[in-house]
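One letter stands for each residue in the lines below.
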Amino acid sequence: MPLDHALLVALSEQPASGLELAKRFSRSIGFFWSATHQQIYRTLARMDADGWLEASTVPQHGKPDKKVYEVSPAGRRVLADWLGEPTEIHPLRSDLAVKLRGASFGERAAVLDVVRDVLADHQTRLAHFRHLMSRDYPDPSTLTGLERDQYLVLRGGILMEEAWVAWLSEYLEAHA
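Residues numbered from 1 in each chain as written. Predicted model: local features only at pLDDT ≥ 70, side-chain atom pairs only at ≥ 80, totals over all residues. Heavy atoms only, no water.

Colleague: Could you give an account of the overall build of the protein, with specific residues and numbers?
Modeller: Helix and strand content of the protein: seven helices and two strands. Along its sequence from the N terminus, the protein presents helices and strands in the succession α-α-α-β-β-α-α-α-α. Expected size for 176 residues packed as a compact globule is a radius of gyration near 16 Å; at 20 Å, the protein overshoots this value by more than 25%. With respect to the principal axes defined by its C-alpha atoms, the protein has extents near 60 × 40 × 40 Å. Within the protein, the fraction of its 176 residues that count as buried is 30%. When the accessible area of the protein is evaluated, it comes to approximately 11,600 Å², of which 55% is carbon and sulfur surface. Placing the 20 positive and 24 negative side-chain charges of the protein at their respective mean positions leaves the two points 3 Å apart. (Helix = DSSP H or I, 4+ residues; strand = E, 2+ residues; numbered from the N terminus. Rg over C-alpha atoms; globule rule 2.2 N^0.38 Å. Buried < 20%, exposed > 50% of the residue type's maximum accessible area, 1.4 Å probe, protein only. Areas by Shrake-Rupley, 256 points an atom, 1.4 Å probe, with all protein chains shown as cover. Lys, Arg positive; Asp, Glu negative; His and termini not counted. Charge placed at Lys NZ, Arg CZ, Asp CG, Glu CD.)

This is the structure we're talking about:
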């Protein structure tokens with residue numbers, strides 16, 4: 001997925017400056033699609049030049065003016081077309097899975113250390129996702145539209161993190 005489409009989704013949810021988008025990426029979309037500040041700013045400039053965005057300048061006191069972007073009608077058409085296109089399902093490509101498979105050919109203790117570190121990262125992400133779930137969606141049965149979509153993506157993230165935690169925990173238990 002090009003960064004363009006992730007930005008179109010984010011800006012459809014709420015207009016934002018490049019800095020605000022970068023912060024939102026680090027808190028939400030970034031769990032599923034990552035981008036650097038430079039990539040975001042470069043892509044915004046191109047999308048603006050292509051007519052997919054409308055930018056307005058917002059004066060700030062004591063700071064330079066900021067550009068706030070929102071999706072233009074042309075950008076909404078691009079996003080709608082992309083949303084309806086078939087999606088490729090990419091097979092799992094995991095350095096970690098290859099390391100686990102090859103652990104017998106090297107220092108197993110080093111591989112187990114890697115597994116413990118990766119497991120800790122997934123446990124942290126899972127705890128964060130669960131916190132977001134309880135804070136933002138205490139009663140999912142009442143959700144509709146955008147909120148339901150956001151909830152379901154978060155739910156998918158929780159399920160993926162639970163799978164990682166279960167798999168890595170099982171691997172460590174088997175080698176305890």
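Colleague: Tell me about the side chain of His 122, and name the residues and values.
Modeller: Within the fold, His 122 resides in helix H6 (residues 108-136). We classify His 122 as buried; its relative accessible area is 9%. Not counting residues up to four positions away in its chain, the partners in contact with His 122 are Glu 161, Trp 164, Val 165 and Leu 168. (Contact = heavy atoms within 4.5 Å.)

Colleague: Provide a residue-level description of helix H7 (residues 145-174), including the pertinent values.
Modeller: Compared with an ideal rise of 1.5 Å per residue, which puts 30 residues at 44 Å, H7 spans 44 Å between its outermost C-alpha atoms and is within 8% of the ideal. Residues Tyr 151, Leu 154, Gly 157, Ile 158, Glu 161, Val 165, Leu 168, Ser 169, Tyr 171 and Leu 172 constitute the buried set of H7. Considering only its buried residues, H7 is in contact with helix H5 (95-101) and H6. (Expected span 1.5 Å × (residues − 1).)

Colleague: Could you give me a rundown of the environment of Val 58, with the residues and numbers involved?
Modeller: Inspection of the secondary structure assignment puts Val 58 in strand E1 (residues 53-58). A C-alpha to C-alpha distance of 9.6 Å links Val 58 and Ser 17, two positions 41 residues apart in sequence. Those residues in contact with Val 58 that lie beyond four places of it in its chain are Asp 65, Lys 66 and Val 68.

Colleague: Summarise the packing of aromatic side chains; cite the residues concerned and give the values.
Modeller: Within this structure, the stated rule accounts for two aromatic pairs. Taking the centre distance of 5.7 Å and the plane angle of 65 degrees together, the rings of Tyr 137 and Tyr 151 count as edge-to-face. Here Tyr 137 is found in the loop between H6 and H7, whereas its partner Tyr 151 is found in helix H7, with 14 residues between them in sequence. Taken individually, Tyr 137 and Tyr 151 each receive the classification buried, so the pair is uniform in this respect. Their ring planes at 55 degrees and their centres at 5.4 Å tell us that Trp 164 and Trp 167 sit as a pair that is tilted. Residue Trp 164 and its partner Trp 167 are both found in helix H7; the two are separated by three residues, about one turn of the helix. Overall, the relative accessible area of 34% leaves Trp 167 in the partly exposed class. (Phe/Tyr/Trp six-rings, centres within 6.5 Å; stacked < 30°, edge-to-face > 60°.)

Distances and angles like these do not, on their own, reveal function.
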